[in-house]
Structure formats: structure tokens, C-alpha cells
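A look at the structure
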Amino acid sequence: MNAAERLHAVLAEVRALVRSQPDLAAFVGAELDAPDYAPVAARHLPAVDRMLQDTAPVSRATEALTDAIRRTASVLQWSQSYSEAEVGARFLQGYAWFDLVSPNGPFCHGGLRVAVGYWAQGLHYPEHKHGPEEVYCVLAGSATFSAAGRAPVTAGPGDLIHHPPWMPHAIDMADSSLLAIAFWRGVGLTDVSQLGAVS
Ligand SMILES: [Fe+2]
């Protein structure tokens, strides 16, 4: 399969995951039915190699999408939002994300962003916040999600975590790596999350 075919296969698995989760289907609606495709340049990062060797557990609902992401990893535009000064060199060695749906492609949408992130075991994603409302779905591994005003929750494959706009939140990967998909809706879809006090 070429890059476009592989990305369409990933999108098809995202649609299947969304259909299997009523809360996710309610959040996403029909927005993934027919987005335009605009190719983006592939970009590799060190964490992608760690993701490809990772054997963190998946669930029946998340296995197919996790496999599709791994098969497609070499043509994805892997990115990082933060600098070494902000999060440290070790964090940058173990973390990477890519957009699947965003205002800038590779599937274009002005009101929905779908991104997938990987964090190696032992990392801590410090407190941050953003304008768009967010629903995470854990694909592989697990992590403890903390958010202002509520008890920390350890989430594994298939579990959903919701963050209202501007709710400060942090993610701890002390016990496992994490591969997760994030769905964003609202204003500021391409803005970089604002890091708060390091937690
Ligand atoms: Fe977030």
C-alpha cells in the first residue's frame, strides 16, 4: 500500500473505534465520514522506534487501530510540541505525536482534530491545558490521568478520559508506556498546549 492507502486504512480503524464507543461516537458525530485528504511529509523521531518495539497490551477494541498505526509509522509526520528547555531531553527521546485529522491535514477538518501520541514508560507529561474540549482513548499501555479538581484515574486500552476546555491536566507513565488517540473540538485546534507549573 502507498502512503495515502495506509493513512486511509488508519482512518477506517479510527471510525471503527469511534463506532464501538457510544461516548466517543457522541463526541465525534459524523465528522470523520468523508474528510479531504491532503498529503503531508513524513517525519521520523527517535520515540517512533521505541513505539514500534513496544509490547504494551491492547484491547479487542484498540488492537486493529494500534496495528494500523504501527504499519503506517514510516509515512506519518511525527511531531513534538515542546522544546528541551520546557520538558527536558529525556522526555523528547520518548515522546512523539502525529495529526490524522486537523485543519492542516492529512485529513482536513476545520472543527475536529484527531491526533495520536506515544509516551515511553517512565515519562511524566506535566500539567498543561488547551482551549479545545478533549477526549482521549487509550490504545495501548496505560497511564494515570490527573486533572484539576478530580481524583487521578489510571486508564488502560479502550478507556476514555474527558477534559473540558482549559482544564489543567497531566499524564503519568510511571508504570507503562502509553499510546493514545486524542479527539479535540472547539476553538484553537492547532494551538500548542500551554504548559503550567511542572507537576
Ligand atoms: Fe490534553
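Not measured: the values here are computed from a predicted model.

1. Side note on the overall build of the chain
Within the chain, the regular secondary structure consists of 6 helices and 12 strands. Over its C-alpha atoms, taken along the principal directions, the chain stretches across nearly 40 × 35 × 30 Å. Looking at the chain alone, contacts between residues at least 24 apart form 73% of all its contacts between residues at least 6 apart.

2. Looking at the pairing of strand β4 (residues 112–119)
The buried fraction of β4 is high, at 7 of 8 residues. In the sheet, strand β2 (residues 95–102) pairs with β4 via 6 bridges, with the strands oriented antiparallel. Residue pairing in the sheet places W97 in a bridge with G117 of β4. Pairing analysis gives 8 bridges linking β4 to strand β11 (residues 178–185), with the strands arranged antiparallel. Within β11, the residue paired with V114 across the bridge is F183.

3. Section: the pairing of strand β10 (residues 169–172)
Burial along β10 is two-sided: the face carrying H169 and I171 and the face carrying A170 and D172 are both buried. By the bridge criterion, 3 bridges tie strand β5 (residues 124–129) to β10 in an arrangement that is antiparallel. Directly across from H124, in β10, lies its bridge partner D172. The pairing of strand β7 (residues 143–147) with β10 spans 4 bridges and is antiparallel. The residue bridging F145 from the neighbouring strand is I171, located in β10.

4. Re helix α1 (residues 3–20)
Between its first and last C-alpha, α1 extends 26 Å over 18 residues, near the 26 Å set by a 1.5 Å rise per residue. Those residues of α1 that sit buried are L7, V10, L11, E13, V14, L17 and V18. Buried residues along α1 cover an arc of 160 degrees about the axis, so they all sit on one side. Projecting away from the buried face of α1 at angles above 90 degrees are the exposed residues E5 and R19.

5. Structural notes on the environment of T55
Relative to the helices and strands, T55 is located in the loop between α3 (46–53) and α4 (63–72). Along the primary structure T55 and S177 are separated by 122 residues, whereas in three dimensions their C-alpha atoms are 9.2 Å apart.

6. Describing the environment of R19
Inspection of the secondary structure puts R19 in helix α1. The class for R19 is exposed, based on 12 C-beta atoms found within 10 Å. The sequence separation of R19 and G29 amounts to 10 residues, and the corresponding C-alpha distance is 9.5 Å.

7. A look at the sheet that holds strand β6 (residues 133–141)
The 7 strands are arranged β1-β3-β2-β4-β11-β6-β9 in an open sheet whose pairing can be described as mixed. The outermost strands of the open sheet, each flanked by one partner alone, are β1 (36–37) and β9 (160–163). Relative to β2, α1 is tilted by about 85 degrees, and along the sheet it contacts β1, β2, β3 (107–108), β4, β6 and β11.

8. Focus: the nonpolar core
Core analysis: the largest hydrophobic core is formed by 53 residues, its most contacted members being V14, L100, W119, L139, L178 and A180. Ignoring sequence-local partners within four residues, the contact set of L100 consists of V10, L11, V14, P106, F107, V114, A115 and V116.

9. Points about the environment of A12
Mapping A12 onto the fold places it in helix α1. Sequence spacing of A12 and M1 is 11 residues, and the spatial spacing of their C-alpha atoms is 15 Å.

10. Overview of the sheet that holds β10
Read across the open sheet, the 5 strands follow the order β8-β7-β10-β5-β12; overall the sheet is antiparallel. Only two strands of the sheet have a single partner each, and these edge strands are β8 (150–155) and β12 (194–195).

How each quantity is defined
- Residues numbered from 1 in each chain as written.
- Predicted model: local features only at pLDDT ≥ 70, side-chain atom pairs only at ≥ 80, totals over all residues.
- Helix = DSSP H or I, 4+ residues; strand = E, 2+ residues; numbered from the N terminus.
- Contact = placed C-beta atoms within 7 Å.
- Buried ≥ 20, exposed ≤ 12 C-beta atoms within 10 Å, placed from the backbone.
- Pairing = 2+ DSSP bridges.
- Expected span 1.5 Å × (residues − 1).
- Arc of directions from axis to C-beta.
- Axes fitted to C-alpha atoms, helices over the stretch in contact; angles between N-to-C directions.
- Core = buried A, V, L, I, M, F, W, Y, C linked by C-beta atoms within 7 Å.

All quantities given are derived from atomic positions and should not be read as evidence of function.
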